[in-house]
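Next come the chains, spelled out residue by residue.
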Amino acid sequence: MNKTLQAAIDAAKKKNVSTLVVASTSGNTADRLFELAKGEKLRIIVVTHDEGKPESQRRFSPDIRRKLLANNITVYTHNQSYIFLRKVISKLFGRFGFPRWYGHLRKAKEQYGSGIKVCYIIAQMLIEGEVLRDAKVVAIAGSKSGADSCGIFSVKPGNKWPVLEEVILNRL
């Protein structure tokens, strides 16, 4: 995990990308990224896995959440109504030949693996939540074992979804 996080930080600095976006289920990956990026001029946005869950069932550590928030790190939990709405719209538009988000994700997973697919998902969540509008970000995600993939994505108002510009690391 540290190798992936450090590669993301290094790529952000090299490519002049000021925002890191990271998926974190328990908060451990987010906390580790925060520690590694201390002293860097990088904005960190953490996307949790707790959408739609009551507080007692959330897996993201409340202690880590408090620590991150106290250090001006954005911790975002997506509104699950967007997910339902996206599925309905995708089905309707898919019948008329319009591009479908889930087909796009399936192709991303086949080509790059689950980690990059999750990078697409968290960037899209931040677009839908109006956290990202017009930006270039380094997105970090992985599988159940932690962060193993990262890539540079551009987010533009005219695009239907985030555009992968470069894969930094991925595990197929």
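This text gives an overview of the structure that appears in the document. Predicted model only: the values in this text are computed from it and were never measured.

## Quick look at the nonpolar core
(1) Moving on: Among the nonpolar cores identified, the biggest contains 24 residues, and Leu 20, Leu 33, Ile 44, Val 46, Leu 68, Val 138 and Ile 140 are the most heavily contacted of them.
(2) Moving on: Within the residue set of this core, elements represented by two or more residues are α1 (2–14), β1 (19–23), α2 (28–37), β2 (43–47), α3 (62–70), β4 (135–143) and β5 (146–155).
(3) Moving on: For Leu 68, the residues in contact, after removing those within four places along its chain, are Ala 30, Phe 34, Val 46, Phe 60, Ile 73 and Val 75.
(4) Moving on: Membership of the second largest hydrophobic core comes to 21 residues, among which are Trp 101, Leu 132, Trp 161 and Leu 164.

## Some details on the pairing of β5
(1) Moving on: β5 sits mainly inside the fold: 10 of its 10 residues count as buried.
(2) Moving on: Bridging between β4 and β5 involves 9 bridges; their strand directions are antiparallel. Among the inter-strand pairings, Val 138 is bridged to a residue of β5, identified as Ile 152.
(3) Moving on: Counting the residues between successive antiparallel strands, the hairpin from β4 to β5 contains 2 residues.
(4) Moving on: In this sheet, strand β6 (residues 163–169) lies alongside β5 in antiparallel orientation, the contact comprising 5 bridges.

## Considering the packing of aromatic side chains
(1) Moving on: Under the criterion given, the structure shown has 1 aromatic pair.
(2) Moving on: A centroid spacing of 4.9 Å and a plane angle of 80 degrees characterise the contact between Tyr 120 and Phe 153, whose relative ring orientation is edge-to-face. Here the residue Tyr 120 occupies a position in helix α6 (residues 114–128), and Phe 153 occupies one in strand β5, the gap between them amounting to 33 residues.
(3) Moving on: Judged by its relative accessible area of 0%, Phe 153 is buried.

Conventions used here
Residues numbered from 1 in each chain as written. Predicted model: local features only at pLDDT ≥ 70, side-chain atom pairs only at ≥ 80, totals over all residues. Heavy atoms only, no water. Core = buried A, V, L, I, M, F, W, Y, C linked by side-chain atoms within 4.5 Å. Buried < 20%, exposed > 50% of the residue type's maximum accessible area, 1.4 Å probe, protein only. Helix = DSSP H or I, 4+ residues; strand = E, 2+ residues; numbered from the N terminus. Contact = heavy atoms within 4.5 Å. Pairing = 2+ DSSP bridges. Phe/Tyr/Trp six-rings, centres within 6.5 Å; stacked < 30°, edge-to-face > 60°.

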